[in-house]
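# Inside the fold
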Amino acid sequence: KIMLATTARIGARTAQQMVPRAMVARGMATEKQLFQQINSTKNIMKITSSMKMVSAAKLKGDENRLYAARPFNKWGENLSGEAKLLEDGFEDGFENIPDNCLIVPLTSDKGLCGGVNSFISRGIRDMCKKLDADGKKSSVVVVGDKGRSQMRRTVGEKIKVSATEVVTPYSFDLASAITAEVLSAGSDYSGICLVYNKFINSATYVQVYKVLTPLSSSGEDEAMVEYEFEPDIKNEVLDDLSEYLLCSQLYHAMMEAAASEQSARMAAMENATKNAGEMVDSLTLQYNRARQARITTELIEIISGASAIEG
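First, a word on scope: everything that follows refers to the structure included in this document. (Residues numbered from 1 in each chain as written. Predicted model: local features only at pLDDT ≥ 70, side-chain atom pairs only at ≥ 80, totals over all residues. Heavy atoms only, no water.)

### A look at a negative patch on the surface
On the surface, Glu 236, Asp 239, Asp 240 and Glu 243 cluster together into a negatively charged patch. Assignment of secondary structure puts Glu 243 in helix α7 (residues 234-310). (Patch = residues over 30% accessible without salt bridge, like charges linked within 9 Å, V, L, I, M, F, W, Y side chains within 5 Å. Areas by Shrake-Rupley, 256 points an atom, 1.4 Å probe, with all protein chains shown as cover. Salt bridge = Lys/Arg side-chain N within 4 Å of Asp/Glu carboxyl O. Lys, Arg positive; Asp, Glu negative; His and termini not counted. Charge placed at Lys NZ, Arg CZ, Asp CG, Glu CD. Helix = DSSP H or I, 4+ residues; strand = E, 2+ residues; numbered from the N terminus.)

Dropping the structure here:
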């Protein structure tokens, strides 16, 4: 009896210390709520892990199409020049972008791909501000629903046409259709600027821009002076070649953007899976602590009840 009474007194003191902690734990989240959160987080982790594997498979296909498109694009670089980094353009003030230019940013229709779309949207916003400060007119033709929704808030008054729900994987026929949409925005522009993400590897991509100007058939900027045209239809040939140049460059830019999107989505889903795993571990620890507190409280109540009966 003496030992039981002593145990009861110790249990009572311990109860005063433990019960508030258990009540706090229960006040924050019950065991059932924690259990449901653990299960839902595990389900999300399965989804993100699956999306990562799907993106990895799609990335392989986009890489193959990109590597096939790069040699096809080489001839165009001889006429239009290579793409420049967007950050280099901010440093030199976009001197190579002419007045009254049509800007074509390439974004995606789907999200969950890191900063692929936001980087382009912020770049377009800052580019338009810089061009406006320099007194240069500009308009925007957006490709991709995510870019349209973001740029509508920043450069909405400059958007002339938008192309959304673009079918993937991209093809040259699709690039031709988008080229037609771009040209339908107007033919009085002095240049077209493509802004897109350039794929480096599965972990890296950079934002670049490329300026395409109409091929002139006379004057100081006359194109293809080393060639002779018979009959004298150089004007018509260069007009058609300018459209084909825009289409081929747009196709190559779309291939670069598609590979960048999948690589970014794969990295984003990998990080999401890792974060979900860490959250499951943290919730499991909270669940075990709440369960231990409940069991301890029940034991203390049993001992206190037994002591009261004996007393």
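### Focus: the environment of Glu 77
Examined against the element boundaries, Glu 77 turns out to sit in helix α2 (residues 31-80). Residues Glu 77 and Lys 210, spaced 133 residues apart in sequence, show a C-alpha to C-alpha distance of 9.7 Å. In this view, Glu 77 contacts Glu 82, Lys 210 and Gln 249; residues no more than four positions away in its chain are not counted. (Contact = heavy atoms within 4.5 Å.)

### Focus on α2
Here α2 spans only 64 Å end to end across 50 residues, well under the 74 Å set by a 1.5 Å rise per residue. The sharpest bend along α2 measures roughly 40 degrees and falls at Lys 74. Phi turns positive one or two residues past the end of α2, at Gly 81, with a value near 90 degrees. (Expected span 1.5 Å × (residues − 1). Bend = angle between axes of the 7 residues up to and from the residue.)

### Let's talk about the packing of helix α6 (residues 172-184) against α7
Packing of α6 against α7 brings their axes to within 9 Å, and their N-to-C directions diverge by 120 degrees. The orientation of α6 with respect to α7, classified from their angle, is oblique. Here α6 and α7 pass one another in a crossing that is right-handed. Between α6 and α7, the contacting residues are Phe 172, Leu 174, Ala 175, Ser 176, Ile 178, Thr 179, Val 182 and Leu 183 on the first element and Glu 243, Tyr 244, Leu 246, Cys 247, Ser 248, Leu 250, Tyr 251 and Met 254 on the second. Its residues assigned to classes, the contact of α6 with α7 shows 12 nonpolar, 3 polar and 1 charged. (Axes fitted to C-alpha atoms, helices over the stretch in contact; angles between N-to-C directions. Parallel < 35°, antiparallel > 145°, perpendicular 65-115°, else oblique. Left-handed = near helix turned anticlockwise from the far one by under 90°. Nonpolar A, V, L, I, M, F, W, Y, C, P; charged D, E, K, R; others polar.)

### Remarks on the sheet that holds strand β2 (residues 101-105)
Pairing is mixed across the open sheet formed by 6 strands, whose spatial order is β1-β6-β5-β2-β3-β4. Of all strands in the sheet, those with a lone pairing partner are β1 (84-85) and β4 (159-163), marking the two edges. As paired elements, strand β5 (residues 191-201) and strand β6 (residues 204-212) share 9 bridges and run antiparallel to each other. In the strand pairing of β6, Phe 199 is matched with Tyr 205. On the sheet, α7 packs against β5 and β6 and is oriented at approximately 40 degrees with respect to β5. (Pairing = 2+ DSSP bridges.)

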